[in-house]
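Report on the structure
Here are the chains, one letter per residue:
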Amino acid sequence: MTPAEPSAAQPPAQQPVVRFEDVNLAFGDTPALVHLSFSMRAGETRVVLGAAGSGKTMLLKTTVGLVAPDSGRIFLFGEEVTRRKESQLFDVRSKVGILFQEGGLFDSLTIAENVAYPLLNQHALHQNGKAPQPEEVEQRVRESLSFVELEHTLEKFPSELSGGMRRRVGIARAVVTAPQLMLYDSPTAGLDPITANTIITLI
């Protein structure tokens, strides 16, 4: 039996936020994802545990279309994204916040500019003529940095912050657009236990 399309089978409010159907991904003879199937609904949390190189990062990258699987189907918010072109993924990606490993900050931008980046470059907002005004951007950046207790770092650069602080700035940048889905890639890797606990509490 072929699974029904989410939009045909369920009302939008009950659709999974993320759904994988028999997804496979390999690099040469090295498998990353093998017959992976799962779904997540709004309000649910999933934690993926595994050794380095076991496919955790590839799982997140395939979720948002940064890497295409070799086979299987992936749905985000009820829409299949498995084989979409890059330009077709802008709108659905705007609903997702991502904390990359090590924070993934731009070295040449200040902390304020790093956190503001998603707001200034969110395709859906600009397409709909709803791009935030400068004063709104500043307010939301300050609110996000205040949430991670780093509002005093606005004018600093990533190189001036510790690893744990950069990770917290990464969280601020990920949540500044109030995304419907948050993805965290090894958010506590390489951090001391106290800092790691702080990051977990923020998440």
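Residues numbered from 1 in each chain as written. Predicted model: local features only at pLDDT ≥ 70, side-chain atom pairs only at ≥ 80, totals over all residues. Heavy atoms only, no water.

**Regarding the overall build of the protein**
Rules: Strands here mean DSSP runs of E at least two residues long; helices mean DSSP runs of H or I at least four residues long; both are numbered from the N terminus. Here the term buried applies to any residue with accessible area under 20% of the maximum for its type, exposed to any over 50%, and partly exposed to those in between, with areas from a 1.4 Å probe on protein chains only. What makes two residues a contact is simply this: any of their non-hydrogen atoms within 4.5 Å. Each accessible area is a Shrake-Rupley estimate made with a 1.4 Å probe; only the visible protein chains count as cover when residues are assessed.
Counting its regular elements, the protein contains 8 helices and 6 strands. Helices and strands in the protein line up, N terminus first, as α-β-β-α-β-β-α-β-α-α-α-α-β-α. When burial is assessed residue by residue, the protein has 39% of its 203 residues classed as buried. Sequence separation of at least 24 residues holds for 60% of the intrachain contacts in the protein that already meet a minimum separation of 6. Summed over all atoms, the accessible surface of the protein reaches about 11500 Å², with 53% contributed by carbon and sulfur.

**Digging into the packing of helix α7 (residues 163–175) against helix α8 (residues 193–202)**
We apply this condition: Axis angles are defined between N-to-C directions and span 0 to 180 degrees, where every axis is a line fitted to C-alpha atoms and, for a helix, only to the segment in contact. Note that the term roughly parallel is reserved for angles under 35 degrees, roughly antiparallel for angles over 145, roughly perpendicular for angles of 65 to 115, and oblique for everything else. Basically, the charged four are Asp, Glu, Lys and Arg, the nonpolar ten are Ala, Val, Leu, Ile, Met, Phe, Trp, Tyr, Cys and Pro, and anything else, Gly included, counts as polar.
Packing of α7 against α8 leaves a shortest axis separation of 10 Å and a crossing angle of 5°. Looking at the two axes, α7 sits roughly parallel to α8. Where α7 approaches α8, its residues Gly164, Arg167, Arg168 and Ile171 are matched on the opposing element by Thr195, Ile199 and Leu202. Within the contact of α7 with α8, the residues separate by chemical class into 3 nonpolar, 2 polar and 2 charged.

**Some remarks on the pattern of salt bridges**
Heads up, the rule is: We define a salt bridge as a contact between a side-chain nitrogen of Lys or Arg and a carboxyl oxygen of Asp or Glu at a distance within 4 Å.
Under the defined criterion, the tally for this structure stands at 8 salt bridges. Measuring nitrogen to oxygen at the nearest pair gives 3.3 Å for the salt bridge that ties Arg46 to Glu44. The class of Arg46 is partly exposed, set by a relative accessible area of 46%. Salt-bridge contacts for Arg84 lead to Glu79; the nearest nitrogen and oxygen are separated by 2.8 Å. The partly exposed category is assigned to Arg84, whose relative accessible area is 29%.

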